[in-house]
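Structural description and commentary
Letter by letter, the chains look like this.
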Amino acid sequence: MEPVTTLRGVGPKLSERLEKLQIRSVSDLLFHLPLRYQDRTTLTPIAALLHNEEQQIEGIITGTTIRFGRRRSLVCSVEDESDSLTIRLFHFNKGQQAALQNGRKIRCFGTARRGKSGMEMAHPEYQLLDKSPPPLEQALTPIYPMTEGLHQRTLFSLTTQALQRALHEVKELLPTALQRNLPPLQQALSTLHRPDATAGAEVFKRCRERIALEELLAHHLSMQQLRQKSRKEHAIVLSPQRTLLDRLLQQLPFSLTRAQQRTIDEIFADLKNSWPMQRLLQGDVGSGKTLVALCAALHAVESGQQCALMAPTELLATQHQQTLQSLLLPLGIEVGLLSGSMRKTERKPILEQLQSGALKIVVGTHALFQDAVQFHALALVIIDEQHRFGVDQRYALQQKGEQGSYSPHQLIMTATPIPRTLAMTFYADLDSSVIDELPPGRTPITTVTIPESRRDEVVQRIHSNCQQGRQVYWVCPLVEESELLECQAATEQAAELQKQLPDLNIGLVHGRLSATEKEAEMARFHARELHILVATTVIEVGVDVPNASLMVIENAERLGLSQLHQLRGRVGRGSEASSCVLMYRSPLSAVAKERLETIRNSNDGFEIARKDLQMRGPGELLGRRQTGQLQLKIADLTLDQHLLPQLEQIAPQLLQGDPTRIDRLIQRWIPQGEHYHSVA
Ligand code: ADP
Ligand code: MG
């Protein structure tokens, strides 16, 4: 491949900057596509200017003065036949002031804004014209993704060179059947780099779609490749007698739901394989994922192996450890805990037992995969609430867990459902199980929305609830973008409630408490020593106190749908009818209103996720995948959702032809080595 340094004007410094944009070859430049375009092909009459749009005008200067307002500015009036416009420069020099003479003709390109006295442009690009003004641009001006020290001009010149030199060499890699309905790749690239203003929106759209499809396909294929790669790895076959498991199930006060049973069977079938399991377990909040995880863990233990369970927060890790320990103690199995805040002296015995193999199950946060942690025989890694971890972290984890030539099996659990088409594209490396049923005997949570002005009523209701032996969560979510302020708000709220309800015991957990303090407070809540637990969103995931049957969420209008659903999932875990009060500050925006209504009307996580997808787009749902290394250049998951179902059909067609095409496609869109950095 021709390196970018073969282009005119590219020296060591520039090539270093291009490297930051992952542009190494001339062909990489062709796939560095514009983010958007500016239209300098026409002039807009001043009277027809649209507010907040980039437009171009031409007119005669009728006056230039310096204004001394809050900020000194150079103000210049320009007139055309239709109207007049104000140009405002906050940074200017004497020369500019002198040049903007009355009677001169000027051409400006910039964003028009409606000001106090008509339309204005602040710092437009401008050009003073003489008798023979240069012609208007023939084509739209592409605006490329940038990095520091690089100019649009430079990228324009480089892409122009690349188009001339290398466009004709770009190979079609999609199957011919598809190409018939779409513009050829070379045409699509050329159109996106240098759109023809006369060609029309439809042609442009088709060209963009051609490229987006290829990009999505490249990601899909790379995920599939990961899956194939992991199939070639070795894992320890786990197929033990189910003695311990049977004893565990007998001792439970309930039986497994059918959905739990099914997912456990799916997992056990995977664990029998000599390659590592990569399974995503999706199940709504409260569907009983922990028990499924426990069964998988026991399977490892019965095979003489170890299992590590990783949780996103210390609070959750602690709770999982306690839950598992209480269930496994009768079987004589110890469950260890490793968290970042533990003292060296506390960690040491755990580390030793993990290394010797004496400890079979350990729960922890990221701390589990630090260098000091050595396992004797780690065969299974379970990750809870996966949406907090990126794909890169998962693979880093897997590497850490390797022993000799063996990789651990992986089970990834999430309560945030991922719509099927998205999962196919972005989780194509995973198999998927769904727990689509809640344990019986749950009474659905009643959700109400109440304006903050009726707070006193809510407090009264809490009082009578607590007198009947119920427990209450009071959640104070982020109001300002600051953890400190969030903690302060929760602290004040707890004090306020204590004043209003002097006969009740009120506890408090927030992110600024140490892990030990948090644990102690949770333990008191668990033991029913506390009536009310005031908390920040630290309790969002996983916390399980079945006797808590009322939740109040303040500032509910500020939270996203899945976050609200996650929070609400902390109640409704016992047999008691539970309720959730969403307190909001009026007035509500239309979107906030729709969100609150959605959450009030539905208890179904999958339905809520669909709505979330509609309202926010998939980027948010995928989290780090979108914002991390899997940055999409052209494809937009909201705009291009309809392309996703095709991907699964195209992939096998590609394999049938020339299989090296797959590698070339991936290489084209996902530069090697960028995909999964080790994060530890
Ligand atoms: P999540 O899927 O949100 O992680 P948990 O695993 O925390 O859910 O389970 C929620 C609650 O449901 C726990 O109190 C657990 O003991 C209980 N539970 C799990 N499975 C069953 C079942 N089959 N029948 C009744 N209760 C169950
Ligand atoms: Mg859970």
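Below is a short write-up of the structure. (Residues numbered from 1 in each chain as written. Chains lettered and ligands numbered in written order. Predicted model: local features only at pLDDT ≥ 70, side-chain atom pairs only at ≥ 80, totals over all residues. Heavy atoms only, no water.)

**Brief notes about the pairing of strand S15 (residues 431-435)**
Alternating positions in S15 separate cleanly, Asp431, Ser433 and Ile435 being buried on one face and Ser432 and Val434 remaining unburied on the opposite face. The pairing of strand S9 (residues 278-283) with S15 spans 5 bridges and is parallel. From the neighbouring strand, Leu281 faces S15, where its bridge partner is Ser433. (Buried < 20%, exposed > 50% of the residue type's maximum accessible area, 1.4 Å probe, protein only. Helix = DSSP H or I, 4+ residues; strand = E, 2+ residues; numbered from the N terminus. Pairing = 2+ DSSP bridges.)

**What to know about the pattern of salt bridges**
Note on pairing: side chains with opposite charge can pair once their charged atoms come close. Summed over all chains, the structure comprises 26 salt bridges. The salt bridge involving Asp270 is made with Arg279; its shortest N-O contact spans 2.6 Å. By the burial criterion, Asp270 is buried, and Arg279 matches it. When the shortest N-O distance is used, the salt bridge between Glu576 and Arg470 registers 3.4 Å. Taken together, the positions of Glu576 in the loop between helix H18 (561-568) and strand S21 (579-584) and Arg470 in the loop between helix H15 (455-467) and strand S17 (471-475) put the pair 106 residues apart, joining distant regions of the chain. For Glu576, a relative accessible area of 39% translates into the label partly exposed. Each of Glu172, Arg210, Glu214 and Arg668 takes part in one network of salt bridges that share partners. (Salt bridge = Lys/Arg side-chain N within 4 Å of Asp/Glu carboxyl O.)

**Remarks on the sheet that holds S21**
Two modes of strand pairing occur in sheets, parallel and antiparallel, and in both the strands are linked by backbone hydrogen bonds. Taken in spatial order, the 6 strands of this open sheet run S16-S21-S20-S17-S19-S18, and their pairing is parallel. Of all strands in the sheet, those with a lone pairing partner are strand S16 (446-451) and strand S18 (506-509), marking the two edges. Each adjacent strand pair in this sheet contributes to an overall mean axis angle of 20 degrees, direction not counted. For S17 and strand S19 (residues 532-535), the ladder comprises 4 bridges, and the chain directions are parallel. Paired with Val475 across the strands is Ala535, a residue of S19. On the sheet, helix H17 (residues 515-526) packs against S17, S18, S19 and strand S20 (548-553) and is oriented at approximately 145 degrees with respect to S18. (Axes fitted to C-alpha atoms, helices over the stretch in contact; angles between N-to-C directions. Contact = heavy atoms within 4.5 Å.)

**Observations regarding the side chain of Ser602**
Structurally, the position occupied by Ser602 is in the loop between helix H19 (590-601) and helix H20 (605-616). Of the residues examined, Ser602 reaches a relative accessible area of 7% and is grouped as buried. When neighbours within four sequence positions are excluded, Ser602 is seen to be in contact with Arg568, Glu607 and Ile608.

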